[in-house]
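Each chain, written out:
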Amino acid sequence: MKTDLPQSFRRLEYRPPVYTFDQVELDIALDPARTIIKSRIEVLPGKSFEAGAPLVLVGQELEFVSLRINGEAHRHFELTPEFLTIHSLPNEGRDKFFVEIICVCVPEKNTSLMGLYVSNGNFFTQCEAEGFRKITYFLDRPDVMERYRVTLRAREAECPVLLSNGNLLISEKLPNGWHSATWEDPFPKPSYLFALVAGKLECIEETITTSSGAQKLLQIWVEPHDLKKTRHAMDSLIASIHWDEKRFGLELDLERFMIVAVGDFNMGAMENKGLNIFNTKFVLAQPETATDADFANIESVVAHEYFHNWTGNRVTCQDWFQLSLKEGLTVFRDQEFSADQMGSESGRAVKRIEDVRLLRQLQFPEDAGPMAHPIRPDEYQEISNFYTVTVYEKGSEVVRMYQTLLGKDGFRKGMDLYFKRHDGQAVTCDDFLMAMADANGRDLTQFRNWYSQAGTPRVKVQEHYDPSKKQYQITLIQSCAPSAGQPEKKPFHIPLKMRLITKGNNQVEQLLELTQANQSWTFDSIDERPVLSMNRNFSAPIHLDFEQSEADLLTLFSSDDDPFNRWEAAQRLAMQMILNNRLPDEKLINAYRNLLLDPKLDPAFKELALTLPAESYLYEQCASVDPQKIFAARRAFRREIAKQLQLEWAALYQQMQTPGPFKSDAVDVGKRALKNLALSMLLEANKDVWAPMAVNQYRIADNMTERYAALAGLVIHGTREAKDCLIDFFERFANDALVIDKWFGLQSSRPPVDGLEPTLSDVKKLREHPAFKMNNPNRVRSVIHAFCSNNPASFHQVDGSGYEFWADSVLALDSINPQVAARLARALDRWRLFSQPYQDKMKASLERVAACPTLSPDTREVVGKALGN
Ligand code: B3K
Ligand code: ZN
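Residues numbered from 1 in each chain as written. Chains lettered and ligands numbered in written order. Predicted model: local features only at pLDDT ≥ 70, side-chain atom pairs only at ≥ 80, totals over all residues. Heavy atoms only, no water.

1. Some words on the overall build of the protein
For step 1, the next point in the chain: Along the protein, the regular secondary structure elements total 26 helices and 31 strands.
For step 2, the next point in the chain: Taken over C-alpha atoms, the radius of gyration comes to 28 Å for the protein, in line with the 29 Å a tight globule of 869 residues would show.
For step 3, the next point in the chain: Taking the principal axes of its C-alpha atoms as reference, the protein extends roughly 90 × 65 × 65 Å.
For step 4, the next point in the chain: Out of the 869 residues belonging to the protein, those deemed buried represent 60%.
For step 5, the next point in the chain: Residue pairs at least 24 apart in sequence account for 69% of intrachain contacts in the protein once pairs closer than 6 positions are excluded.
For step 6, the next point in the chain: When the accessible surface of the protein is totalled, it reaches about 34200 Å², and 50% of it is carbon and sulfur.
For step 7, the next point in the chain: One finds the centroid of the 101 positive side-chain charges in the protein at a distance of 2 Å from the centroid of its 118 negative side-chain charges. (Helix = DSSP H or I, 4+ residues; strand = E, 2+ residues; numbered from the N terminus. Rg over C-alpha atoms; globule rule 2.2 N^0.38 Å. Buried < 20%, exposed > 50% of the residue type's maximum accessible area, 1.4 Å probe, protein only. Contact = heavy atoms within 4.5 Å. Areas by Shrake-Rupley, 256 points an atom, 1.4 Å probe, with all protein chains shown as cover. Lys, Arg positive; Asp, Glu negative; His and termini not counted. Charge placed at Lys NZ, Arg CZ, Asp CG, Glu CD.)

What follows is the structure, encoded as structure tokens:
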């Protein structure tokens, strides 16, 4: 019986390939309206081979032209919209044979930005996860790895530059103004790592010498007018190459490594072998146009993609359920790299806090919502929906826990063994775990539960101090809420760094390994009741249920030697008070004041300590969310800090100036962050008094960090001066798409302001603006996603207008770009957590989207799961 249920793929249904490929030759004649792809593929029996089995290739949106086998036309095949099934293979497929296919695709009509597409007149590809099937019929799965030789042909006037993976073998002039370039990649790779780029691009280049003494050519390709914005990306690439040699002994294996920037891209960047393709947002930067945060993001994304060359490309995934094998590990590597670039212990803590904040804001809600999945999912409908914060960020936390349990050296031994065993293979998360276990002689069986169970574990802490015995005892009780298909959870193996803080200060940091549901530890010779500093440096990605007194939290806030937990104590104090609708009391204000005045602390740390928990994280602490109440309580709390410390903010604003030439080192970055927080706090305290100072900062700034912060302060606080500055900003940067994205994004993320029109009416006007483009993911994200996902108090309106706008936008985007639409669809994931009338109105909008008969599988999966179908 035919059902309308969406198709699901299941991890346990994995079967090795029936056939596999060796050498692949591609000949691609590029034309925006009709690109002709000829392939010649060497086919061999695969691990599941059975004589007589047909060769089943996948293809999507392709025009089939012809098929030959071993040089002869072949008629025994079936063609469906998804498959090319080839029968009657020579000798029933037992020996190697050659398949030649000719097909056609239409890059200029491809708005999904998967496969081969055109952006601003140039050609680009995106093949992960399943985009190669939009270029030709293929075994488009990661466990089939082949060697590629690729000839690209194009009209030279339109496409002077022709790039693909590996090394350039030859370039030739052809008749009628055409030319060609042939590239060869010496490393076998799965099709998702294939790339081509063609068009009017220019590059900066550098030659470096790697640890073995080899010379390597590094290039960054961009549109000619952007060349001046590539230096930071190049420096980041060079630093990444050196770091991977030093920390993991991993060297660049190609003679040439290229990065190309494109303005239309579904995500951040892509690690194609030797030819990384990046969203311009993560390449282009100059102090005048990019903020300090942009510079840091570029450094980390460049590093991330480079690190994939080993963790992802040399050792790849057996199937897409294993995605975290490469993503979690590579995020961990880029986080460690960025932390090392900070140059000091306190800098490392700042990076750690930022990463944890992101995890809690985005991943904790995911882990508690309808899309919750283990870092290794067991089932998906559309793999693109599983490039999630769980697979990436929680995946990284899981890798970090190996390092916490095994030590840095033990972790390195595990990595070495992983490469020794699996270089050139497509493997699983179990293989990684076994390498870690075997290299260290450890039994990590229980650690596997992190891969198989969804949800954020909760650890409840009970403490007892017996002064007569000088004994201190803690009991830890772990639990994890049920999630789809997992009603009961087994205990996790949780590494918890802890320290007892006493006046004598003679207890050292320890690592507790919580493996049972309920476990106790006793500490002897403790002279006084200690203050417990638990889960230091966020050693495990858990919720800590610990009813610590405000006095203890204040002690940790003012004197914990673990900077992460110092920050954490401040967050917990603020969170408890906001959720109880309280304002900061005198003790907390004094603690904030002392922290701000402490000359030993980094400005960057101070800025983080005074930044309140995000609304999305506050929501997760409630049984039923009233978004307007939370917004009002958080805002009132912030205003009180602003007012009570107005003198300090004003003084800091002056002290944190960074005169002289612009520098982007950690010290100046921290000072700018704290100065800009001070400005925002002053506007919060009294916008009429401080707006002129913000306007002045806006006008005289020589860098985007200061100019944007001043503009944001003026806009967010609803000042009269905002309008003129917004006009000036648009005119100044009208030709810089990334800066115009900021202009759109800021207006879409303005929270509600008394006396101003609701933000939604601005957003609707922005959508009609001549510079708004529904086909460009960056622009869509800066207007629509910014409003629906980053502006909770404006989005969640009692009349449901935000949700209607969301539904209209999801439906409009879905027919253009399913991945971008499905990501936006996630904005209503947590609808069940909200109070009425919000909940019913969200549900109605979800149902309206779900009722669309032509919905893409991407969006259908997201809204289907949200509604519990
Ligand atoms: N591996 C790519 C992500 C591809 C997403 C496909 N929908 C980028 C990265 O994680 O480095
Ligand atoms: Zn990645």
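2. Considering the sheet that holds strand 8 (residues 83-86)
For step 1, the next point in the chain: In space, the 3 strands of this open sheet follow the order 4-8-7, with antiparallel pairing throughout. Edge strands, defined here as strands with exactly one partner in the open sheet, are strand 4 (55-58) and strand 7 (77-79). Between one strand and the next, the sheet's axes are offset by a mean angle of 15°, whatever the strand orientation.
For step 2, the next point in the chain: As defined by bridge partners, strand 7 adjoins strand 8 across 3 bridges and the pair is classed as antiparallel. Bridging from a neighbouring strand, Glu 78 pairs with Thr 85 of strand 8. (Pairing = 2+ DSSP bridges. Axes fitted to C-alpha atoms, helices over the stretch in contact; angles between N-to-C directions.)

3. A look at the packing of aromatic side chains
For step 1, the next point in the chain: A full pass over the atoms with the stated rule returns 41 aromatic pairs.
For step 2, the next point in the chain: Between the aromatic rings of Trp 450 and Phe 492, the centroid separation amounts to 4.5 Å while the plane-to-plane angle is 45°, which identifies the pairing as tilted. Placement of the pair is Trp 450 in helix 7 (residues 449-452) and Phe 492 in the loop between strand 26 (471-479) and strand 27 (494-501), with a sequence separation of 42 residues.
For step 3, the next point in the chain: Of the residues examined, Trp 450 reaches a relative accessible area of 0% and is grouped as buried.
For step 4, the next point in the chain: Each ring, one from Phe 729 and one from Phe 733, has its centre 4.9 Å from the other, and the planes form 55°; the classification is tilted. (Phe/Tyr/Trp six-rings, centres within 6.5 Å; stacked < 30°, edge-to-face > 60°.)

4. Things to note about unusual backbone geometry
For step 1, the next point in the chain: The peptide bond linking Glu 128 to Ala 129 adopts the cis configuration, its omega dihedral lying at 0°.
For step 2, the next point in the chain: With respect to the element layout, Ala 129 can be found in the loop between strand 11 (122-126) and strand 12 (146-155).
For step 3, the next point in the chain: Of note in this structure, Ser 88 is not a glycine but carries a positive phi near 55°.
For step 4, the next point in the chain: Along the chain, the position of Ser 88 falls in the loop between strand 8 and strand 9 (97-105).
For step 5, the next point in the chain: Of note, the phi angle at Asn 581 is positive, near 60°, even though the residue is not glycine.
For step 6, the next point in the chain: Inspection of the secondary structure assignment puts Asn 581 in the loop between helix 9 (563-579) and helix 10 (586-597).
For step 7, the next point in the chain: Residue Asn 581 is classed as exposed on the basis of its relative accessible area of 60%.

5. Remarks on the pattern of salt bridges
For step 1, the next point in the chain: Considering all chains together, one arrives at 68 salt bridges under this definition.
For step 2, the next point in the chain: Across the salt bridge formed by Asp 143 and Arg 141, the nearest N and O atoms sit 2.7 Å from each other.
For step 3, the next point in the chain: Classification of Asp 143 as buried rests on a relative accessible area of 14%.
For step 4, the next point in the chain: A relative accessible area of 27% places Arg 141 in the partly exposed class.
For step 5, the next point in the chain: By sharing partners, the salt bridges in this structure join Arg 247, Glu 336, Asp 340, Arg 348 and Arg 400 into a single network. (Salt bridge = Lys/Arg side-chain N within 4 Å of Asp/Glu carboxyl O.)

6. A look at the site of ligand 1
For step 1, the next point in the chain: Among the 13 residues in the neighbourhood of ligand 1, the closest are listed as Glu 128, Ala 269, Glu 271, Glu 305 and Tyr 392.
For step 2, the next point in the chain: Within the side chain of Glu 305, a nitrogen or oxygen atom sits 2.8 Å from an oxygen atom of ligand 1.
For step 3, the next point in the chain: Contact with the protein chains removes 95% of the 330 Å² of surface that ligand 1 exposes when unbound.
For step 4, the next point in the chain: Breaking the shell around ligand 1 down by element, the ones donating at least two residues are strand 20 (269-270), helix 2 (292-307) and helix 3 (323-341). (Near = heavy atom within 4 Å. Polar contact = N/O pair within 3.5 Å; in protein donor to acceptor, adjacent residues only side chain to side chain.)

7. Structural notes on the sheet that holds strand 3 (residues 35-45)
For step 1, the next point in the chain: Reading across the sheet, the 8 strands line up as 6-5-9-3-2-12-15-14 and stay open at both edges, with mixed pairing between neighbours. Strands with a single pairing partner mark the edges of an open sheet, and in this sheet they are strand 6 (72-73) and strand 14 (167-173).
For step 2, the next point in the chain: As defined by bridge partners, strand 12 adjoins strand 15 (residues 178-189) across 9 bridges and the pair is classed as antiparallel. Bridging from a neighbouring strand, Arg 153 pairs with Ser 180 of strand 15.

8. Observations concerning the packing of helix 8 (residues 550-559) against helix 9
For step 1, the next point in the chain: Where helix 8 contacts helix 9, the axes come no closer than 7 Å and their chain directions differ by 145°. Classified by chirality, the crossing of helix 9 by helix 8 is left-handed. Touching Glu 550, Leu 553, Leu 554, Leu 556, Phe 557, Ser 558 and Ser 559 of helix 8 are Arg 566, Ala 569, Ala 570, Arg 572, Leu 573, Gln 576 and Met 577, all from helix 9.
For step 2, the next point in the chain: Per-class residue counts for the contact of helix 8 with helix 9 are 8 nonpolar, 3 polar and 3 charged. (Left-handed = near helix turned anticlockwise from the far one by under 90°. Nonpolar A, V, L, I, M, F, W, Y, C, P; charged D, E, K, R; others polar.)

9. Here we look at the pairing of strand 25 (residues 458-466)
For step 1, the next point in the chain: As judged from the 9 bridges shared by strand 25 and strand 26, these two strands associate in the antiparallel manner. Each bridged residue has a counterpart across the sheet, and for Val 459 the counterpart in strand 26 is Gln 478.

10. Examining the coordination of the zinc ion (ligand 2)
For step 1, the next point in the chain: Within the first shell, the zinc ion (ligand 2) binds the protein through His 304 (NE2), His 308 (NE2) and Glu 327 (OE), at distances of 1.9 to 2.1 Å.
For step 2, the next point in the chain: Mapping the donors of the zinc ion (ligand 2) onto the primary sequence gives the spacing H-x3-H-x18-E. Of the two residues, His 304 is situated in helix 2 and Glu 327 in helix 3; the sequence distance between them amounts to 23 residues.
For step 3, the next point in the chain: His 304 sits in the buried class, given a relative accessible area of 7%.
For step 4, the next point in the chain: When its relative accessible area of 1% is taken as the criterion, Glu 327 is described as buried. (Donors = N, O, S within 2.8 Å, 3.2 Å for Na, K, Ca; no water.)

11. Quick word on the pairing of strand 8
One face of the sheet, then the other: side chains in a regular strand alternate in exactly this way.
For step 1, the next point in the chain: Bridge count for strand 4 against strand 8 is 4 bridges, and the pairing is antiparallel. When the bridges of strand 8 are listed, Val 58 appears paired with Phe 83.
For step 2, the next point in the chain: Turn length for the strand 7-strand 8 hairpin, with the two strands adjacent in sequence and antiparallel, is 3 residues.

12. A look at helix 16 (residues 687-700)
For step 1, the next point in the chain: When the terminal C-alpha atoms of helix 16 are compared, their 20 Å separation across 14 residues agrees well with the 20 Å that a helix rising 1.5 Å per residue should span.
For step 2, the next point in the chain: Those residues of helix 16 lying buried are Trp 690, Ala 691, Met 693, Ala 694, Val 695, Gln 697 and Tyr 698.
For step 3, the next point in the chain: Next to the buried residues of helix 16 lie helix 14 (646-655), helix 15 (666-685), helix 17 (704-716) and helix 18 (722-732). (Expected span 1.5 Å × (residues − 1).)

13. Details of the nonpolar core
Nonpolar side chains in soluble globular proteins tend to be buried together.
For step 1, the next point in the chain: Membership of the largest hydrophobic core comes to 115 residues, with the highest contact counts inside it found for Phe 557, Tyr 592, Leu 610, Phe 637, Ile 641, Trp 649 and Trp 806.
For step 2, the next point in the chain: Ranked by residues supplied to this core, first place goes to helix 9 with 9 residues.
For step 3, the next point in the chain: Each residue touching Trp 649, except ones within four places of it in the same chain, is listed here: Leu 596, Leu 610, Ile 641, Ala 642, Leu 677, Ala 678, Met 681 and Leu 682.
For step 4, the next point in the chain: Within the second largest apolar cluster, 84 residues are counted, among which are Leu 476, Phe 492, Phe 523 and Leu 532. (Core = buried A, V, L, I, M, F, W, Y, C linked by side-chain atoms within 4.5 Å.)

14. Quick word on the packing of helix 13 (residues 627-644) against helix 14
For step 1, the next point in the chain: It is the contact of helix 13 with helix 14, at a shortest axis distance of 4 Å, that shows an interaxial angle of 70°. Taken as axis vectors, helix 13 and helix 14 run roughly perpendicular relative to one another. Where helix 13 abuts helix 14, its residues Ile 641, Ala 642, Lys 643 and Gln 644 lie against Gln 646, Glu 648 and Trp 649. (Parallel < 35°, antiparallel > 145°, perpendicular 65-115°, else oblique.)

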